[in-house]
Amino acid sequence: MRVLTVVGARPQFIKAAVLGRAFAIHGIEERSVHTGQHYDEEMSGVFYRQLAMAPPAYALDVGSAPHGAQTGEMMRRLEPIVFREAPDWVLVYGDTNSTLAGALVGAKCGIAVAHVEAGLRSFNRAMPEEINRIVADHVADVHFAPNAQARAQLEREGISGNVHVVGDLMIDLAREALALLPPRPQVLDRFALTSKSFALVTIHRVANTDDPQAFARIVEGLRRLPMRVIFPAHPRTRALTAACGVGEGDNIVLSEPLPYLELIALQRHARSVLTDSGGIQKEALVLETPCTTLREETEWDETLENGWNVLVGTDPATIAQAALREPPAMPPGGIFGETVGCAERIVTVLARPSAARARSTPRAEAAPLSR
């Protein structure tokens, strides 16, 4: 069996590292394509080295562009690779433009498409990621849902065949990383930090980075915190941080994007994590650090259980109040308390002889999108 994996952004590198190990153990040939959606060394190359990933077989080097242009260029460069490789599966992860490009090219080339993290919905069509999720799910042939809620959403949309609840690759890797952390990781010394005395923030969503007023409100909320705030700045935010004077005489410490293990260590030792990232919402809960999500909705509703994650939008007072709350008494539940093994479950499904014939299975009539 041959798998062509399409990746392009931080969370996809993390997931591909875990599943790639399982492919190797089971003798499954995997070739990967890096679209170049994330191309900075700190957002790309460092993950391949730190997570011991094989270099991609193909680098599309698409880089930054408006959504339509970027996705279209990915598809243009990816299509001849798919024809050349003729894999049994095109595998895509999550909800980025790389996900959309890979799913559409695989479907149009007549190759079975597998979507990892299928069925997630924020129910906010203004998010580019929401469009990517929906389209990828509706052209995919096999759907790997992280939880029963995601499977139920697919069923509401008329997708009921070849849906498998497998758990979450990012959660599995975060658990592995947690077990390897030393009592005092070196990254704390780098920033001269003591455990549970600082906050960590990441911001990259379009709603927060394409709206200077929204970004400024978030910064105001961070400045209200009576502690240092470590801010590994996504390339998308560089101009905004400069315009807002972030890090100039305030409590915010700017840094370049951090490698995976360093970011995991900071999440573990932070008093509070503030983010608009879906992946970091999950990681924070695995690491049992309260999370404050800088959005009005989340595709990971289970993170809200027991108060470990709260949605605050961009209101400064609400941000500050939420970030200073005490950790909940109840531990995180749901998928955050389940056993590892997501990669093995995915490999088991893909290796079935019947799975590769999934494209011939007709779909049910789709129901309207709703919760």
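Residues numbered from 1 in each chain as written. Predicted model: local features only at pLDDT ≥ 70, side-chain atom pairs only at ≥ 80, totals over all residues. Heavy atoms only, no water.

## A few points about helix α4 (residues 97–108)
At 3.6 residues per turn, the α-helix brings residues three or four places apart onto the same side.
Piece 1. Between the first and last C-alpha of α4 there are 16 Å, a value that for 12 residues agrees with the 16 Å anticipated at 1.5 Å per step.
Piece 2. For α4, a buried count of 11 out of 12 residues is recorded, marking the element as mostly surrounded by other parts of the structure.
Piece 3. Along α4, the residues classified as buried are N97, S98, T99, L100, A101, G102, A103, L104, V105, G106 and A107.
Piece 4. Looking at the buried residues of α4, the elements they touch are β1 (2–7), α1 (10–25), α3 (67–85), β4 (89–93), β5 (112–116) and α5 (128–139).
Piece 5. Measuring from the backbone nitrogen of S98 back to the side-chain oxygen at the start of α4 gives 3.1 Å, which picks out T96 as the cap.
Piece 6. Once α4 ends, the next one or two residues include G110, with phi positive near 75°. (Helix = DSSP H or I, 4+ residues; strand = E, 2+ residues; numbered from the N terminus. Expected span 1.5 Å × (residues − 1). Buried < 20%, exposed > 50% of the residue type's maximum accessible area, 1.4 Å probe, protein only. Contact = heavy atoms within 4.5 Å. Polar contact = N/O pair within 3.5 Å; in protein donor to acceptor, adjacent residues only side chain to side chain.)

## Quick look at the confidence of the model for the protein
Piece 1. Mean pLDDT over the protein works out to 91, with 92% of the residues at or above the 70 mark.
Piece 2. Every residue in residues 360–371 scores below 50 in pLDDT, and together they form 27 contacts with partners more than four places removed in sequence or on other chains. (pLDDT = per-residue confidence, 0-100.)

## Some words on the side chain of E85
Piece 1. Here E85 is to be found in helix α3.
Piece 2. Under the relative-accessibility criterion, E85 is labelled buried at 7%.
Piece 3. Ignoring sequence-local partners within four residues, the contact set of E85 consists of R2, L4, R31 and Y58.

## Describing the sheet that holds β1
Piece 1. The 7 strands are arranged β3-β2-β1-β4-β5-β6-β7 in an open sheet whose pairing can be described as parallel. Whereas interior strands pair on both sides, the edge strands pair on one side only; in this sheet they are β3 (58–59) and β7 (163–165).
Piece 2. In the sheet, β5 pairs with strand β6 (residues 142–145) via 3 bridges, with the strands oriented parallel. Bridged to A114 within β6 is V142.
Piece 3. Those strands touched by α1 are β1, β2 (29–34) and β4, and its axis lies near 140° from that of β4.
Piece 4. Along the sheet face, α3 touches β1, β2 and β3 and points at about 165° away from the line of β1. (Pairing = 2+ DSSP bridges. Axes fitted to C-alpha atoms, helices over the stretch in contact; angles between N-to-C directions.)

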